[in-house]
Amino acid sequence: KQEVTQIPAALSVPEGENLVLNCSFTDSAIYNLQWFRQDPGKGLTSLLLIQSSQREQTSGRLNASLDKSSGRSTLYIAASQPGDSATYLCAANSGYALNFGKGTSLLVTP
Amino acid sequence: SQTIHQWPATLVQPVGSPLSLECTVEGTSNPNLYWYRQAAGRGLQLLFYSVGIGQISSEVPQNLSASRPQDRQFILSSKKLLLSDSGFYLCAWTPGLAGDGEQFFGPGTRLTVL
C-alpha cells in the first residue's frame, strides 16, 4: 500500500523567504505526483502535476521536482508571500486513486 | 472551461439519519469521478471512484455507497449515518479513460453527525 509522508507538518517563515516542502512515497510505481493547496474550509486547488517521466514542473514562483527512484518530491516556493499561507498536500497516483500525505501547514508572516 | 459543483456546502445530521451528497461536473464528457473524505487529524481518503455510468469501485468498506446515474453526476449516500461519518467530503474528476490525469476537486461538503 502506498504511504505518503510530508515533512515538515508545519512551517512558519517571514515574508520573502524561499522555502522547500518535502514529500516522500514508499512505492515508486506511480503514474504521476500532484501538489495541491488547501485553504481553511475549502476544497483543493491543483498547483502542479508531474508525470512519472518528468523531473520537474514550474508554475510562476512554484517549482516541483520528482525523483521517482528515491521516492521523493519537493515543492519549492520562491519569495514567499502572506497569501501563500495555506496547507500544501502532495498526492501520489498509482492508478486512479490519489494517495495523500497529511500536508504541510505553511504560515508566511508579514 | 470545466466546473465541478457540490451540494450542500454544509450539513448537520443526527446519527441514524440518511445521507445524500451530490456532485456534478460541467464542461466535459466521460470524466472519471471520485469521492474522498477528509477527517479531522487524518489525511484524505479515497472512498469511491467511477469510470462511467453505473460503474462504481469502492476503496473502503463502510456504510456509505455511491451511484452515478448520469455521465457527469456522482452521488454519495448512506442509509444510516454514524458519528464516524463526520468529515469533509470532496468530489473530484479527471479526464476519462486513463487514471493518470490531473485531478480537480470541488468545494467540498462539511458533514457533522451529532
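Keep in mind that this is a model prediction, so the values were computed, not measured.

So, about the sheet that holds strand S1 (residues 4-7) of chain A. All names here are of chain A. The strand order across the open sheet built from five strands is S1-S3-S8-S7-S6, with neighbouring strands paired in antiparallel fashion. Both edges of this open sheet fall to S1 and strand S6 (56-59), since each of them pairs with a single strand only. Across the sheet, the mean angle separating the axes of adjacent strands is 15° when strand polarity is ignored. Pairing of strand S3 (residues 19-25) with strand S8 (residues 72-77), which is carried by six bridges, proceeds in the antiparallel orientation. By the bridge assignment, Ser24 is partnered in S8 with Arg72.

What follows deals with the state of the cysteines. All chains considered together, the criterion is met by two disulfides over all chains. Covalent S-S linkage joins Cys23 of chain A and Cys90 of chain A, the inter-sulfur distance amounting to 2.0 Å. Residues Cys23 of chain A and Cys90 of chain A share a disulfide whose torsion about the S-S bond is about 80°; that sign makes it right-handed. One end of the pair, Cys23 of chain A, is in strand S3; the other, Cys90 of chain A, is in strand S9 (residues 86-93), with 67 residues separating them in the sequence. Residue Cys23 of chain B pairs covalently with Cys91 of chain B via a disulfide, S to S 2.0 Å. Around the S-S axis, the bridge from Cys23 of chain B to Cys91 of chain B shows a dihedral of about -75° and counts as left-handed. Residue Cys23 of chain B is found in strand S3 (residues 19-26), and its partner Cys91 of chain B is found in strand S9 (residues 87-94); the two are separated by 68 residues along the sequence. Cys91 of chain B carries the same exposure label as Cys23 of chain B, and that label is buried.

Glancing now at the nonpolar core. Counting 23 residues, the largest nonpolar core has Phe25, Leu33, Trp35, Leu75, Ile77, Tyr88 and Leu106 of chain A as the members making the most contacts within it. Elements supplying a minimum of two residues to this core: S3, strand S4 (32-38), strand S5 (44-51), strand S7 (62-67), S8, S9 and strand S11 (104-109) of chain A. Beyond its immediate stretch of four places on either side in the chain, Phe25 of chain A contacts Gln2, Glu3, Val4, Ile30, Leu33, Leu66, Asp67, Lys68, Gly71, Arg72, Ser73 and Ala92 of chain A. Ile4, Trp35, Leu47 and Tyr89 of chain B belong to the second largest nonpolar core, which has 20 residues in total.

The next subject is the interface of chain B and chain A. Taken together, the 23 residues of chain B in the interface contact 20 residues of chain A. Across the chain B/chain A interface, buried area totals approximately 1,600 Å², and carbon plus sulfur atoms make up 56% of it. At the boundary of chain B and chain A, one finds zero salt bridges. Applying the counting criterion to the chain B and chain A interface returns four residue pairs in polar contact (both at pLDDT 80 or more).

How each quantity is defined
Here the residue numbering is sequential within each chain, running from 1 through the sequence in written order. Numbering of ligands from 1 and lettering of chains from A proceed in the order in which they are written. Reporting of local features is limited, given that this is a predicted model, to residues whose pLDDT is at least 70; pairs of side-chain atoms are given and counted only at 80 or more, and all residues count toward the totals for whole chains, interfaces and linings. Side-chain numbers come from the whole structure's heavy atoms, not from hydrogens or water. Strands pair, by our definition, only if DSSP identifies at least two bridges between them. In this description a helix means any DSSP run of H or I spanning at least four residues, a strand means any run of E spanning at least two, and both kinds are numbered starting from the N terminus. Axis geometry follows a simple rule: fit a line to the C-alpha atoms, using only the stretch in contact for helices, then measure angles between N-to-C directions, giving values from 0 to 180 degrees. Count a disulfide wherever a pair of cysteine sulfur atoms falls within 2.5 Å. Think of it in three bands: residues with accessible area under 20% of the maximum for their type are buried, residues over 50% are exposed, and the middle band is partly exposed, with areas taken using a 1.4 Å probe on protein chains only. The term nonpolar core refers to a set of buried residues drawn from Ala, Val, Leu, Ile, Met, Phe, Trp, Tyr and Cys, joined through side-chain atoms within 4.5 Å. Working rule for contacts: check all heavy atoms of both residues, and any pair within 4.5 Å makes them a contact. Put simply, buried area is the surface a 1.4 Å probe can reach on two separate parts but cannot reach once they are joined, added for both. Between Lys or Arg on one side and Asp or Glu on the other, a salt bridge is scored when a side-chain nitrogen of the former is within 4 Å of a carboxyl oxygen of the latter. Any N or O atom pair separated by 3.5 Å or less is treated as a polar contact, with the protein-specific requirement of one donor-capable and one acceptor-capable atom, and with residues adjacent in sequence counted only for side-chain atom pairs.

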